[in-house]
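Residue-level listing of the chains:
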Amino acid sequence: MNLIDLSANTNMSMPSSYCDNVLTPEITVTNNSNISVDTFEVAYTLNSNAAVSQTVYTSLAAGTTTTILFPTITVPSGTNNISFSSGTVSGTSFIDNFSNNNIATTGDFSVLSPIAIGTDHTEGFEGYDLATPSPNNAILIEDNGNWVGILDPTYTSGVPVGGFGNSYNSYRWRFGDFNAGENATLLFDKLDFSNTINNEVHFSFSHAFKNSWDGDKLQVLVSFDCFNTYQIVEEISGADLHTASILWPSNPFYPTSQDWDSKTIDLSAFDGETEVSIAFCGIFGGGNNLYVDDINIQGTVSTSI
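Report follows, based on the coordinates.

Concerning the side chain of Asp 189
Relative to the helices and strands, Asp 189 is located in the loop between β18 (183–188) and β19 (196–207). For the buried Asp 189, which has no salt bridge, the nearest side chain bearing the opposite charge is Lys 190, at an N-O separation of 7.9 Å. At 2.8 Å, the side chain of Asp 189 and the backbone nitrogen of Ser 113 are in polar contact. Not counting the four nearest positions on each side in its chain, Asp 189 is found in contact with Leu 112, Ser 113, Ile 117, Asn 137, Ala 138 and Val 276.

Description of the pairing of β19
Pairing analysis gives nine bridges linking β19 to strand β24 (residues 290–301), with the strands arranged antiparallel. Bridge assignment links Val 201 to a residue of β24, and that residue is Ile 297. One ladder, built from six bridges, connects β19 with strand β22 (residues 261–266); its direction is antiparallel. The partner of His 202 across the bridge, within β22, is Thr 264.

Quick look at the state of the cysteines
Following the criterion strictly, the structure yields one disulfide and no others. Each sulfur of the disulfide joining Cys 19 and Cys 226 lies 1.8 Å from the other. A torsion of 75 degrees about the S-S bond marks the disulfide between Cys 19 and Cys 226 as right-handed. Residue Cys 19 is found in the loop between β2 (6–9) and β3 (22–23), and its partner Cys 226 is found in the loop between β20 (217–223) and β21 (231–237); the two are separated by 207 residues along the sequence.

Cut-offs used in this document
In every chain, residue numbers begin from 1 and rise along the written sequence. Residue-level local features of this predicted model are given only where pLDDT is at least 70; pairs of side-chain atoms are given and counted only at 80 or more, and the full residue set underlies all totals for whole chains, interfaces and linings. In computing side-chain values, all of the structure's heavy atoms are included and hydrogens and water are not. Secondary structure follows DSSP: runs of H or I at least 4 residues long count as helices, runs of E at least 2 residues long count as strands, and numbering of each begins at the N terminus. A simple rule labels every residue: compare its accessible area, found with a 1.4 Å probe on the protein chains alone, to the largest value its type can have, and call it buried under 20%, exposed over 50%, or partly exposed in between. Here the positive residues are Lys and Arg and the negative ones are Asp and Glu; neither His nor the chain ends is included. By definition here, a salt bridge exists when the distance from a side-chain nitrogen of Lys or Arg to a carboxyl oxygen of Asp or Glu is within 4 Å. Throughout this description, a polar contact denotes any pair of N or O atoms lying within 3.5 Å of each other; where both atoms belong to protein, one of them has to be capable of donating a hydrogen while the other can accept it, and for residues adjacent in sequence the pair is counted only when both atoms sit in side chains. Note on contacts: a residue pair is in contact if any heavy atoms of the two residues lie within 4.5 Å. The rule for pairing is simple: two strands pair if DSSP sees at least two bridges between them. Two cysteine sulfurs form what is called a disulfide whenever their separation falls within 2.5 Å.

Shown next, in the form of structure tokens:
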């Protein structure tokens, strides 16, 4: 019996953009033992799928490192995680007696569909569990660990929190967690406006001040390159963003049916574009919670006479 110590790490290349969904899983294994290891196993697991493993028969000398590549894979749209493992092979003389360093992970990463999903899109946030970071066909871009995601009545004693009280769920930026200037963006899959005209986005929103005025903002963004670059097509702030009838200086704000407003943003300037990504960005400037709901992105099918 040979007691050994193999440790796992990964330096695999991560997506180069939010629409890069083709990756090559890669694990780096280090032999921390004082003897060579001529047989060991490596594996990766994408999300909750079955592990994909391969046995390595190339000798790994004491104190050396090797990198093993797996076949290229296509990851699904949404939030993903790839975990890697190294280990010994049953039936050999090697036993890894330091198992706490056998696992490595990419951490969570998000990708969108590399192709447009259609010409229009509607999202009401219904049917998702509390705290889901983003609905289908969208990803959340948030770098500070703040609570942003779908809110449902299990959090509010059964009271509906959807737009105009007509639905139970909505999407929330819990600004009580944020530091000044921090933001989070809900980015939707690309749409194809090449054969539609008079495109627009209609949505509901709700927000409360902590003081008589604050610097919170809700921005609507448009990108043609999967959010490598983007432009701000609408920014709502100040009294235009505040929908609650009173100030909420301390307790978290939860909207009731009278605490909602709605807005339609003209996107006709982008008629004819083949890859249009729409995003909603909440920026914290001292206020209470911010919500959106009832998002409807659509145009009119263009006809030729």
